[in-house]
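# Tertiary structure, described
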Amino acid sequence: MRRIVIPALAVVPLLVSTTGAAAAPARDDAPRAVRAVAETPALFDDAAGGDADADDPAIWVHPTDRAGSLVIVTAKNGGLRVYDLRARERQAIATPPAPGPDDEAGRFNNVDLVGGFRLAGRPVDLAVVTDRGRDQLRFYRIDPVSRRLVDVTAPQPPFAFSRDQAEVNTQRTAYGLGTFTDRDGAAYAVVSRRSTPEVGVFRLVEQAGRVSYRPVGRLVLPSTFILPDGSAWSPCTDPGDGPQVEGTVVDPATGVVYLAQEKVGLWRTRLVGGRFVGVPRPVERVREYGVPAVFDPAADDCVTDHTADPGFGGRIAQDVEGLTIMRTGRYAGTLVVSSQGDDTFFTYDRVSNRPTGRFAVVDGRFDGAQECDGAAVTATPLPGFPGGLLVVQDGRNTPVTPDGSDGERPDTNVKFVDAGFLAGRR
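Below, the structure is looked at part by part. (Residues numbered from 1 in each chain as written. Predicted model: local features only at pLDDT ≥ 70, side-chain atom pairs only at ≥ 80, totals over all residues. Heavy atoms only, no water.)

Before going further, it helps to spend a moment on the overall build of the protein. Scanning the protein for helices and strands turns up one helix and 32 strands. Expected size for 426 residues packed as a compact globule is a radius of gyration near 22 Å; at 20 Å, the protein falls within 12% of this value. Once the C-alpha set of the protein is aligned to its principal axes, its extents read approximately 60 × 50 × 50 Å. Taking all 426 residues of the protein together, the buried fraction comes to 56%. A sequence separation of at least 24 residues applies to 56% of the contacts in the protein between residues at least 6 apart. Treating the 48 positive side-chain charges of the protein as one cloud and the 55 negative ones as another, the clouds have centres 10 Å apart. (Helix = DSSP H or I, 4+ residues; strand = E, 2+ residues; numbered from the N terminus. Rg over C-alpha atoms; globule rule 2.2 N^0.38 Å. Buried < 20%, exposed > 50% of the residue type's maximum accessible area, 1.4 Å probe, protein only. Contact = heavy atoms within 4.5 Å. Lys, Arg positive; Asp, Glu negative; His and termini not counted. Charge placed at Lys NZ, Arg CZ, Asp CG, Glu CD.)

Below, the structure written as structure tokens:
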């Protein structure tokens, strides 16, 4: 297995200008306002709510009946939730239990889809999930008749990154996820490792009528950077942690993989035969790139000194999070990037990565989306979504309690938005 490590001190040019006349709107330009058409029920991240926390969505388009399409959402300790196009829950799937009394139970972080995977001699569609609690991938066959998910994970899936259960318990485990199928029909999962800048590639394999995987590639992104003024800078993280990647998406037409290193920026590289090739290049940096910050134990968070900003950053407000591609042709389309720190999304041309705009999901019939972790989009027209469907996680949902007041419990959900605006159709 080939492992690519980018030098600790890296100087790499941006693919896109963020300051010149050709750049996208400046940071103080108002984003385009779009509104949700529907939203899923609130998930509550407390004991009464089963510690359910919406994180990352995927959209499954039914092969023969578009009205039967589904949205699949990870809920961390709350497992998986499956919704119809009216945002009504159809199925809830629990995480696997802890293997031992002192071990972590399952915690589902990200989800993506693989279409046409051959299982027991026939093609099936799979939902693939990173179980960050147990450092594994899990697989669910999507039944087009019942429109329910069926667990087809091999009985003893290997650890994605850890050597043993003791290492799993440190929770530097499988985290972000993007899947793709190459021209030869081989299916892969690009998986980031929590609290590190490491990313792995795993080939999906059938194992006695179930699904397992094996590692085929590794990449380690930089943790320290040389700034234009010659000084060294590292993003602030929790003590002992590295700058992790979460958002991951692969363009199936080009083999380009985009990686969102949360406190650094958006990278692109290529995959060939399931292996990384070439040196990753940055598409855009976060605004805070190069800004001094230190971890404050009392606040249990990083404190950033914005007054000392050297001006080397881009437009995305950290963390850079969810990534998704709106494909409107073989090579045409839009890359959508969640700018979690300012509750907006930036868009880029799918091939050139030229900035094309910025939008925000704002209050309307439903509340808007804030602190978005994950996003998914399809250009396929669906009932209620003639321009296609964009699904975004809302990290600060504002439900209404029976007495009409805003709830105070920590809760999240996902918003359904007509995606036509991304293709200029409305």
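Turning next to the sheet that holds strand β28 (residues 344-349). In spatial order, the strands read β3-β29-β28-β27-β26; together these five strands make up an open sheet with mixed pairing. The sheet is open, and its two borders are formed by β3 (32-35) and β26 (320-327), each paired with just one other strand. If you compare each strand with its neighbour and ignore which way they point, the axes differ by 30° on average. As defined by bridge partners, β28 adjoins strand β29 (residues 355-362) across four bridges and the pair is classed as antiparallel. If you follow Phe-346 over to β29, its bridge partner there is Arg-358. (Pairing = 2+ DSSP bridges. Axes fitted to C-alpha atoms, helices over the stretch in contact; angles between N-to-C directions.)

Okay, the nonpolar core next. Among the nonpolar cores identified, the biggest contains 36 residues, and Val-190, Tyr-258, Leu-259, Leu-271, Phe-276, Leu-335 and Val-337 are the most heavily contacted of them. Ranked by the residues each element gives to this core, the list is headed by strand β21 (residues 256-261), at five residues. By size, the runner-up hydrophobic cluster in this structure holds 20 residues, among which are Leu-119, Leu-126, Phe-139 and Val-211. (Core = buried A, V, L, I, M, F, W, Y, C linked by side-chain atoms within 4.5 Å.)

The next thing to look at is the state of the cysteines. In the structure shown here, the tally under the stated rule is one disulfide. Bridging Cys-236 to Cys-302, the disulfide has an S-S length of 2.1 Å. What sets the handedness of the Cys-236 and Cys-302 disulfide is the S-S torsion sign, and at about -85° it is left-handed. Of this pair, Cys-236 sits in the loop between β19 (232-233) and β20 (245-250) while Cys-302 sits in strand β25 (residues 301-304); the two residues are 66 residues apart in sequence, bridging distant segments of the chain. (Disulfide = S-S within 2.5 Å.)

Here we take up the packing of aromatic side chains. Taken as a whole and assessed by the stated rule, the structure comprises 12 aromatic pairs. When the ring of Phe-161 is compared with that of Phe-202, the centres are 5.8 Å apart and the planes differ by 85°; the resulting orientation is edge-to-face. Here Phe-161 is found in the loop between β13 (148-151) and α1 (165-168), whereas its partner Phe-202 is found in strand β16 (residues 198-207), with 41 residues between them in sequence. When its relative accessible area of 9% is taken as the criterion, Phe-161 is described as buried. Between Phe-225 and Trp-233 the ring centres are 6.1 Å apart and the planes differ by 40°, which places this aromatic pair in the tilted class. (Phe/Tyr/Trp six-rings, centres within 6.5 Å; stacked < 30°, edge-to-face > 60°.)

What follows deals with the environment of Glu-89. Its location among the elements puts Glu-89 in strand β9 (residues 89-93). Judged by relative accessible area, which is 42%, Glu-89 ranks as partly exposed. Placed 131 residues apart in sequence, Glu-89 and Val-220 show a C-alpha to C-alpha distance of 38 Å. Among residues more than four places away in sequence, those in contact with Glu-89 are Arg-81, Val-82 and Tyr-83. Looking at Glu-89, its side chain comes within polar contact range of the side chain of Arg-81, at 3.4 Å. (Polar contact = N/O pair within 3.5 Å; in protein donor to acceptor, adjacent residues only side chain to side chain.)

Let us look at the side chain of Asp-251. Summarising the element assignment, Asp-251 is placed in the loop between β20 and β21. Beyond its immediate chain neighbours, meaning those up to four positions away, Asp-251 contacts Val-256, Ile-325 and Arg-350.

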